[in-house]
Amino acid sequence: MTAKTFQGMMQAVLVPLICGWIVALIFGVWIARLEYNEISTSVVINPARALLIPPTQPQTFDTADLFATDHIAAEYEARITEKLRMGAALLIPQSGVMAALLVWQVILTGRSAADPQRYGIIVGVIVGGVEGAAAQLLQASWPITVVLIVLMVGVGALGGWSASRPLNIN
């Protein structure tokens, strides 16, 4: 492997990883803000009072029905843990951005490689391995992790295949 090939490979790996994590960060902050706004402005109806009020009468709420400050923090933590920290909510938009950038970077940098398809598969394995490790740190399920790795390897192979084709620009 030449120095130019190694430099191109690092570019093809780092650009999708960095941009993908920036997208995940922006998406996570947006979801967290939406969740906080929803919790802080919502009203919890006391189930015991709801049974006593006939549906034809307008419901009034007293301060016991609103979320207390400590309840807001607990509910927010529970929702964020469920949606962002333990699942694939961050991995879905991130993997789409990473797949697009990965194929673009492999096509861009793989043309100078001796075997562009092998180059693309190696880059896909590296990106898929890093993303698989990140998915397991986020406690995503194994099927999601395996699909993510296979997706990145397949996208890398597609980029390598595309890089091996001649340019037909007239």
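Anyway, here's the lowdown on the structure attached to this text.

About the criteria used
Numbers given to residues run from 1 along each chain, matching the order in which its sequence is written. Only residues with pLDDT of at least 70 are given local features in this predicted model, and only at 80 or more are side-chain atom pairs given and counted; all residues enter the totals for whole chains, interfaces and linings. For the side-chain quantities, the full set of heavy atoms in the structure was used; hydrogens and water were omitted. Of the two site types, the cavity is a set of points on a 1 Å grid over the protein atoms alone where a 1.4 Å probe fits but cannot get out, and the pocket is an open set with protein on both sides within 12 Å along at least five of seven lines, each lined by residues with an atom within 4 Å of a point. Grid points are joined across faces, edges and corners, and a volume is the space filled by probe spheres set on the points. Segments assigned H or I by DSSP are reported as helices when at least four residues long, segments assigned E as strands when at least two residues long, and all are numbered from the N terminus. Partly exposed residues are those whose accessible area sits between 20% and 50% of the maximum for their type, while under 20% is buried and over 50% is exposed, using a 1.4 Å probe and protein chains only. When checking whether two residues touch, look at their non-hydrogen atoms; a contact exists if any pair is within 4.5 Å. Think of a nonpolar core as a cluster: buried Ala, Val, Leu, Ile, Met, Phe, Trp, Tyr and Cys residues, connected wherever their side-chain atoms sit within 4.5 Å.

Estimates place the volume of the largest pocket at around 200 Å³. Of all elements in the fold, only helix H1 (3-41) and helix H5 (116-137) reach the threshold of two or more residues within the lining of the largest pocket. By residue number, the principal contributor to the lining of the largest pocket is H5, which donates 3 residues.

This part takes up the side chain of Glu-35. If you trace the backbone, Glu-35 turns up in helix H1. In this structure Glu-35 comes out as buried when scored by relative accessible area, which is 7%. Once residues lying within four places of it in the same chain are set aside, the contact partners of Glu-35 are Tyr-76, Arg-79, Ile-80 and Lys-83.

This paragraph deals with the nonpolar core. Judged by nonpolar contacts, the single largest core of 21 residues is most densely connected at Leu-91, Leu-102, Tyr-119, Val-123, Val-127 and Met-152. Elements that contribute at least two residues to this core include exactly H1, helix H4 (91-110), H5 and helix H6 (142-164). Per element, the largest residue contribution to this core is 6 residues, and it comes from H4. Look past the residues within four positions of Leu-102 in its chain and what remains in contact with it is Ala-12, Pro-16, Val-123, Gly-124, Val-127, Met-152, Val-155 and Gly-156. Among the nonpolar cores identified, the runner-up in size contains 5 residues, and Ala-32, Ile-80, Leu-84 and Leu-90 belong to it.

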